[in-house]
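As a plain string of letters, each chain reads:
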Amino acid sequence: MKLIGITGGIGSGKSVVCRLFQVLGAPVYDSDARAKCVMAHDARLRDELTAAFGPEAFTPEGQLNRTYLARVAFPDPAQLARLNALVHPHVGRDFAEWAAARQQEGHAYVLKEAALLYESGAYQQLHQVITVFAPQVLRQARVLRRDPHRTPDDILTIIGKQLSEEEKLKRAHHVVYNDDEHLLIPQVVQLDREFRD
Ligand SMILES: CC(C)(COP(=O)(O)OP(=O)(O)OC[C@H]1O[C@@H](n2cnc3c(N)ncnc32)[C@H](O)[C@@H]1O)[C@@H](O)C(=O)NCCC(=O)NCCS
Ligand SMILES: Nc1ncnc2c1ncn2[C@@H]1O[C@H](COP(=O)(O)OP(=O)(O)OP(=O)(O)O)[C@@H](O)[C@H]1O
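Residues numbered from 1 in each chain as written. Chains lettered and ligands numbered in written order. Predicted model: local features only at pLDDT ≥ 70, side-chain atom pairs only at ≥ 80, totals over all residues. Heavy atoms only, no water.

K.L.:
Which parts of the structure should I look at to understand the site of ligand 1?
P.N.:
Around ligand 1, a shell composed of 19 residues is seen, among which Lys36, Arg66, Asn84, His88 and Gln162 lie nearest. Within the side chain of Asp32, an N or O atom sits 3.2 Å from an oxygen atom of ligand 1. The separation between an oxygen atom of ligand 1 and a polar side-chain atom of His88 is 2.7 Å. Protein contact buries 94% of the 770 Å² of open area that ligand 1 shows by itself. Among the elements of the structure, helix 2 (31-41), helix 4 (66-73) and helix 5 (77-104) are those that each provide at least two residues to the shell around ligand 1. (Near = heavy atom within 4 Å. Polar contact = N/O pair within 3.5 Å; in protein donor to acceptor, adjacent residues only side chain to side chain. Areas by Shrake-Rupley, 256 points an atom, 1.4 Å probe, with all protein chains shown as cover. Helix = DSSP H or I, 4+ residues; strand = E, 2+ residues; numbered from the N terminus.)

Now the structure itself:
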């Protein structure tokens, strides 16, 4: 079974492209969602997050306090590195278990969607990587529409913490252009065929 990564900067359209792959029957592991799930439910990780970021890391109801963590971690490289170091190893293990179960089901390939595939080292667990590309102005406009609570400055701060698009394009095995000039569906159908061969 092929393990395929799918990455791209904030707002590039990874989730949209993954939805198209899912329609074609491919299982997709959503690293962002799984990271939040382990942060909320793994007792040891909860303790580590509370020790590192204070009790505000969780709301009084016990939910992960995403707004607080985003405010503390995104602008501060040391805090972000701390958060990544706590969370990423859990996601790596969780993905390995998930992929093993998909293999038992007989899938030809699976996708791991992650904004930080290269930065976290997760690409080393994978056979090939797709980068979803969109120009920065378009990505900013899309995120402002999708996340009304984020300011243009918040988005620039996050972009500054991610590997440049140029570098991601250089390292990718495949590129999906989601730039309002190329059609998405034919690109995804073509890749799905390749991965099934
Ligand atoms: C700090 C958190 C709680 C903020 O949550 P919030 O819902 O506000 O933002 P969200 O997760 O949707 O992130 C917004 C975008 O920022 C980018 N982003 C997320 N985490 C990171 C990071 N560690 N470094 C750089 N960019 C990141 C992604 O493009 C993402 O889609 C959350 O991003 C988080 O837990 N990050 C650490 C875990 C992680 O690295 N997740 C991403 C892949 S595993
Ligand atoms: N081709 C497109 N046409 C119109 N809207 C799009 C297109 N691609 C993505 N979008 C919209 O742009 C926003 C960002 O897309 P998406 O959530 O898929 O990005 P992402 O790469 O997963 O972002 P993040 O790293 O923040 O999770 C979403 O609201 C999505 O619906």
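Having put the structure on the table, let's press on.
K.L.:
Mind showing me how you'd approach the site of ligand 2 here?
P.N.:
Around ligand 2 sit 13 residues in total, of which Gly13, Lys14, Ser15, Arg146 and Asn178 are the nearest. Here an oxygen atom of ligand 2 sits 2.9 Å away from a polar atom, N or O, in the main chain of Gly13. Here an oxygen atom of ligand 2 sits 2.6 Å away from a polar atom, N or O, in the side chain of Lys14. Look at ligand 2: alone it shows 630 Å² of surface, and the protein chains cover 73% of it. At the level of elements, helix 1 (14-23) and helix 6 (136-146) are the ones that each hand at least two residues to the shell around ligand 2.

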